[in-house]
Amino acid sequence: MSGTAFQTMLKTASTYLDVAANAHGEEKACLALEALKRLHTDSPHVVEVGPGGGSAVAYLASQLSLGDPHVGKPRLTLVEVPGVTSASLADAMDAFNRVGQCSLVSGFAQDVGTILTEPVDVISASALLHEVYSYAGGYTGLHAVMRTLPTILRPGGMFAYRDVYAVKSTSLHDRSLQTYTSRSWLRFLRMFVPQYLEHGTHPYHSDADLVVFRQDSRIVPAGELDETTSAVAAAPVGVFREVQRHYITLRDHVWRSGVLGFRPYLKGPLAGDWIDAKNGHKRVHYDLTGTDWLPGSQRSMLLALSERYLDHHTVDGDIFDECTDIALNAFLSLAERGDGECAEVWQSWVTREGRETYAYMTLDALLAAVAVHSTEAAQEQRSVLMPVRIGDVRRRDRAYYNRYLRRALPNPLRDAKQMVLFTNVPVADTESLSEGMHCLQQWCSKGSLARVYSAISQGG
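Residues take numbers from 1 onward in each chain, read along the sequence in its written order. In keeping with the model being predicted, local features are shown solely for residues with a pLDDT of at least 70 and side-chain atom pairs are shown and tallied solely at 80 or more, while totals for entire chains, interfaces and linings include all residues. Remark: hydrogens and water are excluded; side-chain values derive from all non-hydrogen atoms of the structure.

Visitor: For this particular structure, what's the right way to read unusual backbone geometry?
Guide: Most of the time, phi is negative for any residue but glycine, and the peptide bond is trans. Positioned with a positive phi, Ala127 is a non-glycine residue whose angle comes to about 65°. For Ala127, the location among the structural elements is in the loop between strand 4 (120-126) and helix 7 (128-135). Partly exposed residues are those whose accessible area sits between 20% and 50% of the maximum for their type, while under 20% is buried and over 50% is exposed, using a 1.4 Å probe and protein chains only. Accessibility expressed as a relative area gives 16% for Ala127, which makes it buried. Helix and strand definitions here come from DSSP, where helices need a minimum of 4 consecutive H or I residues and strands a minimum of 2 consecutive E residues; each element is numbered from the N-terminal end.

Rendered as structure tokens:
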């Protein structure tokens, strides 16, 4: 499926935009709000690329309604692909228009340089780069966007970016070992890994990137894994990152569909009913659905461990996760056989998510790539995109998912979001460049620092 078809056909679904893609508004918008406070501009122009369900727009509107004198009255332009709309985004725009000006324009992220007709103060985006990488030309498309950003930002303007945290490693190609014992994970590996490696846009193509599974000390092709036997896998750490993130997104997707016989509350106040928030231990609230293909014993077990709460049920999150993995294994078994609703739910997830590469760069590589390619922008006054304060680079852990992963895998990778506030620094501004290089020293290898310095120095 082409990138255009992906964007217009699949991300218009209300279940994706109004539910799946409409959360974490504060996290998506916090860096944009930080940028507005630094600019001290009366009427700054902010652009959000890919607003989805509008959670960041709604959060900005709520903060502006407080009347912070350092923020001014911003003008917000939303750039979304043609045909993508959602009720929640429309509500968020209405809220923003009560405190500022908000407009929606159609277009693709890779064309943002021609969509915007004037320089802007802030560009905000969540998951933009991994979407471009996966559906708009791989690294070629990715680097093109990095070169475009400085041309549409004013000098000193800022790019607020949020995406999936990669790994703490020198490279995503570093080889690692992982052991899988859960039937649902083993079946997922059998179904997901072959199609991802064959059809996904990813960088794991060399002989050193080969994914090798062993069961009972024998090499087994991914598509022939036996879910009743533990498997040891040797692969680039980035592949394990993909497996982990895709399993989590599939689990959430299946939950939302209700096909398992229960549907947890994944948004709203009941989604944050923490027993111990710091350690990711929550109480899960859920409704029963009409699905009846699951064995009666599974539903009975879940209900026996749950309690009634008003018009629904609630249960300890650890228990819910364990029951979910049992049910998910039954779901995958039917989906693998092409059975009815389960196969449809699986295919809808594969079509929308199964080709995406979530973590194509470590933080070191991302910071260096943005800096280097931004210096190649087609503009008379050269500039470079880089964080200029230590706090401009942040990581927010997903405590709930990390708790689950620690129980499901012997050596899980950290699940988190990484956020970077890049400043468009003119190369003639030696003071800001010095601050930026000092900041990069905290995150980048010497080799990456040398690349950045060399790129900045080109052309004097």
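Moving on from the model shown.
Visitor: I keep staring at the pattern of salt bridges and nothing clicks. Help me out?
Guide: Between side chains of opposite charge, a pair can form as their charged atoms come close. When a carboxyl oxygen of Asp or Glu is within 4 Å of a side-chain nitrogen of Lys or Arg, the pair counts as a salt bridge. Tallied over the full model, the rule gives 21 salt bridges. With its nearest N and O atoms 2.7 Å apart, the salt bridge here joins Arg190 to Glu336. In this pair, Arg190 is assigned in helix 9 (residues 183-199) and Glu336 in helix 12 (residues 317-336), connecting sequence segments 146 residues apart. The class of Arg190 is buried, set by a relative accessible area of 15%. The exposure class of Glu336 is partly exposed, given its relative accessible area of 35%. For the salt bridge of Asp318 with Arg403, the shortest nitrogen-to-oxygen distance reads 2.9 Å. In this pair, Asp318 sits in helix 12 while Arg403 sits in helix 15 (residues 399-408), placing the two residues 85 residues apart along the sequence. Judged on exposure class, the residue Asp318 and its partner Arg403 are both buried. Each of Arg187, Arg190, Glu227 and Glu336 takes part in a single network of salt bridges with overlapping partners.

Visitor: Explain the nonpolar core here, please?
Guide: Generally speaking, soluble globular proteins have nonpolar side chains that are buried together. Definition used in this section: a nonpolar core is a set of buried Ala, Val, Leu, Ile, Met, Phe, Trp, Tyr and Cys residues joined via side-chain atoms within 4.5 Å. In this structure, Tyr180, Trp185, Phe188, Val243, Leu260, Phe331 and Trp346 are the most contacted members of the largest nonpolar core, which totals 59 residues. Among the elements that take part in this core, helix 10 (residues 237-257) stands out by supplying 9 residues, more than any other. The contacts of Leu260, once residues within four sequence positions are left out, are Val254, Trp255, Trp293, Leu294, Thr324, Ala327, Leu328 and Phe331. Core analysis: the next-biggest nonpolar cluster, separate from the first, contains 48 residues, Val112, Val120, Ile152 and Leu440 among them. Note on definitions: a residue-residue contact is assigned when non-hydrogen atoms from the two residues lie within 4.5 Å.

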